[in-house]
Every structure is written in structure tokens, then in C-alpha cells.
Amino acid sequence: MILVTGGCRSGKSAFAEELVMQDGKGPWLYIATAQVTDPEMEERVRKHSERRGDAWETYEGFKGLGEVLSGKEMAGFKGILLDSVTTMVTNLLFDFIGDVDWEDFNFEQVDYGKALDNIMKAFEALCRGAAGLPLVMVTDEIGLGVVPETCLGRNFRDILGTVNQYLAAVSDSVYMVISGIPVQIKGERGK
């Protein structure tokens, strides 16, 4: 497994796609964890899809990925890209919170410890399911800025940071992309 991290618009997704396609021969699988909720997000998804082209198959979803990755058909892919861990964590957190009135909801009442436990179980299952697969995961490094103003923001930052630490620990290689330049911070060079 390979983890690619970096800031927003740092070039991490494009670099991760290059890693997946480095042998030049597909088939490749793109695991899209985003949910299209508005026209702007729809445009982002379209641009990512257009950049990848027709050589990629796409799986859309963020739940039960351990089970998906352990399926027999996964062995046929020369590379698998999960983009992104950050969006997956967001979706799992909001699934945990449930269907509430977002306008009036008090985020201080969420049991973030229990949310983290549920989210970590999902990523542990994902990693078990991905054992032996050529999986590249993209995440965001969001802990380099100021402390978020809101309870939700602070807890999300902490949850994603914990997930990122776990994924970095179990990955063979870790890259950080800064201003379009990938820097390998774990693993043998070039792997």
C-alpha cells in the first residue's frame, strides 16, 4: 500500500494516478469516495474523470470497502486508487451523526470518541481487504494550519490525523506532495 498526502490542490491526486499507472498497463480501478451534492462538486468529479480517461474503471462508495477490496475481481487490477481518505472520513463521520437538522444541530453533543472507533474499524477492514493489492490512497494533511474554530472542525482534524497516522504506519511507502513536487517520506526510494 502507498499513502499520498499533502495540502489542497498540491497535485496529490495527479501524482497518485501516475503511481498507479507506472507500469503502463491496466486495468486500473478508481475508488471514488465523494458524494456529489452540488454543481461545483459535480464539476470537480467530471474534471478528475476526464483527466483519468477511459482506461480506468470506477467504483463509487465509501462504506464496506474492506469487503469490496477482498473480492476476487480485485486481483485483476494492476493498480487501485482510493481518492480520497479525507472524503471517506467526512462521509463516515456524517453517517455516524445520522440524519439531523443540520441548521440547528449542536455538534458538541456528538460522541467523537465513538465516531473515531467506528471510522478506525472501517479503515482497519479496508487495509485487511487490501492486503497484497496494489492500492494507492490519497489523503489531505490538514494539521499544518490554525486550530479550527468549531467543535466539528477540531474533532474532524483530530480524527483525520489519527486515520492518517494509522494508514502511514501500515503503508509500505508514503509520499507528501508539496506544490506539485512529491517527496517520499517512508519506504524504499521509487517504491
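Residues numbered from 1 in each chain as written. Predicted model: local features only at pLDDT ≥ 70, side-chain atom pairs only at ≥ 80, totals over all residues. Heavy atoms only, no water.

Under an unreviewed UniProt entry, the name given to the chain is Adenosylcobinamide kinase, and the source organism is Candidatus Scybalocola faecigallinarum. If you open the UniProt record of the chain and go to Function (unreviewed entry), you find "Catalyzes ATP-dependent phosphorylation of adenosylcobinamide and addition of GMP to adenosylcobinamide phosphate." Under the heading Sequence similarities (unreviewed entry), UniProt records this for the chain: "Belongs to the CobU/CobP family." (UniProt positions renumbered as here; feature names shortened; annotations may be inferred.)

Draft legend 1. Representation of helix H5 (residues 112-129). With 18 residues, H5 extends 25 Å from end C-alpha to end C-alpha; this agrees with the ideal 26 Å at 1.5 Å per step. You can read the cap of H5 off the contacts: a side-chain oxygen lies 3.3 Å from the backbone nitrogen of Gly-113, and it is on Asp-111. (Helix = DSSP H or I, 4+ residues; strand = E, 2+ residues; numbered from the N terminus. Expected span 1.5 Å × (residues − 1). Polar contact = N/O pair within 3.5 Å; in protein donor to acceptor, adjacent residues only side chain to side chain.)

Draft legend 2. Quick peek at helix H4 (residues 85-97). Across its 13 residues, H4 extends 18 Å between first and last C-alpha, which sits within 8% of the 18 Å expected from 1.5 Å per residue. With a side-chain oxygen positioned 3.3 Å from the backbone nitrogen of Thr-86, the residue opening H4 is Ser-84. Of the residues one or two after H4, Gly-98 is the one with positive phi, at around 95°.

Draft legend 3. Focus on a nonpolar patch on the surface. Judged by side-chain polarity, Ile-178, Ile-181, Val-183 and Ile-185 come together as a nonpolar surface patch covering roughly 360 Å² of accessible area. For the nonpolar patch, the element with the highest residue contribution is strand E7 (residues 181-186), accounting for three residues. With respect to the helices and strands, the residue Ile-181 is situated in strand E7. Using a relative accessible area of 52% as the deciding quantity, one classes Ile-181 as exposed. (Patch = residues over 30% accessible without salt bridge, like charges linked within 9 Å, V, L, I, M, F, W, Y side chains within 5 Å. Areas by Shrake-Rupley, 256 points an atom, 1.4 Å probe, with all protein chains shown as cover. Salt bridge = Lys/Arg side-chain N within 4 Å of Asp/Glu carboxyl O. Buried < 20%, exposed > 50% of the residue type's maximum accessible area, 1.4 Å probe, protein only.)

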